[in-house]
Amino acid sequence: MQRVYFANHASHLDTLVIWASLPLALRARTRPVAAADYWDRPGLRRWLAWRVLQALMVTRGGAGSRDALHQLIAALDEGDSLIIFPEGTRGDGGGVGELRPGLYHIARERPAVELVPVFLDNLNRILPKGEYLPVPLIGRVTFGGPIRLEAGEDRHAFLQRARDALLNLGDRR
């Protein structure tokens, strides 16, 4: 079953934790979406993104957003599942920010694809922004039930419902 896993984002561990939490058969066909301006630089980042995770590199903002959506849809059409962070950037781990419209556009363009909320807890403390070595603390990943765009649901209502799905998973702690 094809899925788009969408999660809150506070650490560079986020993608690895979601990806590693998936069964091997799903992991083989699940590609994280990564910002090219950060991940497609020479060195360890690029190696990890391309070789290990087979990330889908996208350009952020402006006209790049339309191109990115086309890339995501093409990857889904090829049978891949995706990991995305619809807040658009890493937060401080204190909450879930407003979701950007890409998730809505995916739901509208490919209504058969399951959208699975994933709440990540404490990863921002395990690998804080700007740090390179993890701190030995306990983190948690919680997968929720899939959601879909409902008939007649507008972008704002859908994104609020998706954000609420993440917040509700966080409340289960």
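To keep things clear, this report deals only with the structure shown in the data block. These numbers come from a predicted model, not from an experiment.

Concerning the layout of surface pockets
Move 1: A volume near 990 Å³ is recorded for the largest pocket.
Move 2: In this structure, the largest pocket is lined by 38 residues; those nearest its centre are Val 33, Val 58, Arg 60, Phe 85 and Gly 88.
Move 3: Residue assignment for the lining of the largest pocket shows that the elements contributing at least two residues are helix H1 (13-21), strand E2 (30-35), helix H3 (36-39), helix H4 (44-52), helix H5 (63-77) and helix H6 (102-109).
Move 4: Of the residues in the lining of the largest pocket, the class split is 21 nonpolar, 12 polar and five charged.

Observations regarding the packing of H6 against helix H8 (residues 155-171)
Move 1: For the pair H6 and H8, interaxial distance at closest approach is 9 Å and the crossing angle is 110°. Relative to H8, the element H6 lies roughly perpendicular. In this structure, H6 contributes Leu 103, Tyr 104, His 105 and Ala 107 to the contact, and H8 contributes Arg 155, Phe 158, Leu 159 and Ala 162.
Move 2: Split by residue class, the contact of H6 with H8 holds six nonpolar, one polar and one charged.

Remarks on the sheet that holds strand E1 (residues 3-7)
Backbone hydrogen bonds are what pair the strands of a sheet, in a parallel or an antiparallel way.
Move 1: The six strands lie next to each other as E3-E2-E4-E1-E5-E6, forming an open sheet whose pairing is mixed. Every other strand in the sheet has two partners, leaving strand E3 (56-58) and strand E6 (140-143) as the edge strands with one partner each. Each strand axis lies, on average, 25° off the axis of its neighbour in the sheet, ignoring direction.
Move 2: Summarising the sheet, strand E5 (residues 114-121) and E6 pair through four bridges and their orientation is antiparallel. Bridging from a neighbouring strand, Val 118 pairs with Phe 143 of E6.

Some remarks on the environment of Ser 65
Move 1: The topology assignment puts Ser 65 in helix H5.
Move 2: For Ser 65, a relative accessible area of 36% translates into the label partly exposed.

Some details on the side chain of Thr 30
Move 1: Structurally, Thr 30 is set in strand E2.
Move 2: One polar contact links the side chain of Thr 30 to the main-chain carbonyl oxygen of Leu 26, over a distance of 2.6 Å.
Move 3: If near-sequence neighbours (up to four positions away) are discounted, Thr 30 is found in contact with Tyr 5, Trp 19, Leu 22, Leu 53, Ser 81, Leu 82 and Ile 83.

Quick look at the nonpolar core
Move 1: Ranked by internal contacts, the top residues of the largest apolar core, which has 27 residues, are Val 4, Phe 6, Leu 82, Ile 84, Leu 103, Leu 115 and Phe 158.
Move 2: Those elements giving two or more residues to this core turn out to be E1, E3, H5, strand E4 (81-84), H6, E5 and H8.
Move 3: If sequence neighbours within four positions are ignored, Leu 115 has contacts with Val 4, Phe 6, Leu 103, Ile 106, Ala 107, Gly 145, Pro 146, Ile 147 and Phe 158.
Move 4: If you look at the next biggest cluster of nonpolar residues, it comprises 12 residues, including Tyr 5, Ala 7, Leu 22 and Leu 120.

A word on the pairing of E5
Move 1: Among the eight residues that make up E5, eight are buried, leaving the element largely enclosed by the rest of the structure.
Move 2: Here E5 shows no split at all, with Glu 114, Val 116, Val 118 and Leu 120 on one side and Leu 115, Pro 117, Phe 119 and Asp 121 on the other all buried.
Move 3: Direction of pairing for E1 relative to E5: parallel, over a ladder of five bridges. Considered in E5, the bridge of Tyr 5 is made with Val 116.

Examining unusual backbone geometry
Move 1: Look at Gln 54: it is not a glycine, yet its phi comes out positive at around 50°.
Move 2: When you line up the elements, Gln 54 lands in the loop between H4 and E3.

Here is what the cut-offs are and how they apply
- Residues numbered from 1 in each chain as written.
- Predicted model: local features only at pLDDT ≥ 70, side-chain atom pairs only at ≥ 80, totals over all residues.
- Heavy atoms only, no water.
- 1 Å grid on protein atoms, 1.4 Å probe; cavity = no way out; pocket = protein on both sides within 12 Å on 5 of 7 lines; lining within 4 Å.
- Points joined across faces, edges and corners; volume = space filled by probe spheres on them.
- Helix = DSSP H or I, 4+ residues; strand = E, 2+ residues; numbered from the N terminus.
- Nonpolar A, V, L, I, M, F, W, Y, C, P; charged D, E, K, R; others polar.
- Axes fitted to C-alpha atoms, helices over the stretch in contact; angles between N-to-C directions.
- Parallel < 35°, antiparallel > 145°, perpendicular 65-115°, else oblique.
- Contact = heavy atoms within 4.5 Å.
- Pairing = 2+ DSSP bridges.
- Buried < 20%, exposed > 50% of the residue type's maximum accessible area, 1.4 Å probe, protein only.
- Polar contact = N/O pair within 3.5 Å; in protein donor to acceptor, adjacent residues only side chain to side chain.
- Core = buried A, V, L, I, M, F, W, Y, C linked by side-chain atoms within 4.5 Å.

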